[in-house]
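Tertiary structure, described
Listed here are the chains, written in short residue letters.
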Amino acid sequence: MLLINTRPSERAASLTQQLQAAQISVLELPLLELHAQPYSDELLRLYRQLDQAKIIVVVSPTAAQIGMQYLQQVEIILSRLADVQWVAVGKATEQALAGYGIQSHVPELETSEGMLQLPVLRQLPAGSAVAFWRGEGGRQFMMDHLRANNIKILNFILYRRQCPASTAMILAENLALLEAQQRFAVLISSEASWLNWLTLMQDNSDLMHQARYLVLGPRLATLLGEYQQQHQAGFEFVQIDDLEANTILQKMRLILGNA
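Criteria and thresholds
Residues numbered from 1 in each chain as written. Predicted model: local features only at pLDDT ≥ 70, side-chain atom pairs only at ≥ 80, totals over all residues. Heavy atoms only, no water. UniProt positions renumbered as here; feature names shortened; annotations may be inferred. Pairing = 2+ DSSP bridges. Helix = DSSP H or I, 4+ residues; strand = E, 2+ residues; numbered from the N terminus. Axes fitted to C-alpha atoms, helices over the stretch in contact; angles between N-to-C directions. Contact = heavy atoms within 4.5 Å.

- With an unreviewed UniProt entry as reference, the chain is termed Uroporphyrinogen-III synthase, source organism Acinetobacter pseudolwoffii.
- For the record of the chain, the UniProt heading Sequence similarities (unreviewed entry) holds the text "Belongs to the uroporphyrinogen-III synthase family."
- Check the Function (unreviewed entry) section of the UniProt entry for the chain; it says "Catalyzes cyclization of the linear tetrapyrrole, hydroxymethylbilane, to the macrocyclic uroporphyrinogen III."

So this is what it looks like as structure tokens:
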């Protein structure tokens, strides 16, 4: 079995190693890379309001790293945020925050929908403020949901996301490998990754439809279902609720069989 691991390079290695240990062939094809946004007057304005927030939502280890770097730059010590609750999108982000001595709430489903089910967010009084440490274009659904419930959003855009320049070359070098596969799986963990995949595969539609997709969370599964209907696409996909190696291995066996 072959999996295309599309996670950003700095997050792909651990998953790749665990799957290879389980006799899964892995091709790393990063569909996103993350670049810090320069520190700005807008970020300074937001950091000065941070102690008003009831909750800080941290959407990735990168958001934790950059957010903490700029927190130090603005000379805010963590003790000033002692009453703030922290929410991490998943275990990797939880571990990143733990490195700063921060305990965080983590959803079972590592998506916006999963975070919205956390009691700390569901029970938030109207008029409260929630800060988002995020990347450009990420978590819009979650922020819109909270705004609709009269929650004030402090929107920290800490990094931008783009498809790495090297990805097209990696694909070109491995087209023969993919064409030789009867079936292979592709991990899709965000809408941005999916859109980049569509762009990347526009000249290889047969391969795109040959793939089986592992997609993170119900909203992304809905997105792929809508694409299927609109384009009469014949590919298969299955939803996953986290990015753990055991979960991915189980779902790969479900959609690819044991071959």
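Now that the structure has been shown, we can carry on.
Considerations on the sheet that holds strand β4 (residues 55-58)
- The five strands are arranged β3-β7-β6-β4-β5 in an open sheet whose pairing can be described as mixed. Two strands in the sheet have a free side with no partner beyond their single neighbour: β3 (33-36) and β5 (85-88). The sheet shows a mean angle of 25° between the axes of neighbouring strands, direction not considered.
- Note: β4 against strand β6 (residues 129-135), four bridges, orientation parallel. Residue pairing for β6: Ile55 is matched across the bridge by Val130.
- Here helix α3 (residues 61-73) sits on the sheet and contacts β3, β4, β5, β6 and β7 (152-162); the angle it forms with β7, its principal contact strand, is near 115°.

Some points on the sheet that holds strand β2 (residues 25-28)
- Here we have five strands laid out as an open sheet, ordered β2-β1-β8-β9-β10, and parallel in their pairing. The open sheet terminates on both sides in strands that have one partner only, identified here as β2 and β10 (236-240). Across this sheet, the average inter-strand angle for adjacent strands is 25°, counted without regard to direction.
- When strand β8 (residues 185-188) meets strand β9 (residues 212-216), the two strands line up parallel, connected through four bridges. Following the sheet pairing, Ala185 is matched in β9 by Arg212.
- Its contacts with the sheet place helix α1 (residues 9-21) against β1 (2-5), β2 and β8, and it is angled at close to 160° to β2.
- With respect to the sheet, helix α9 (residues 191-200) is in contact with β1, β8 and β9, its orientation differing from that of β8 by roughly 135°.

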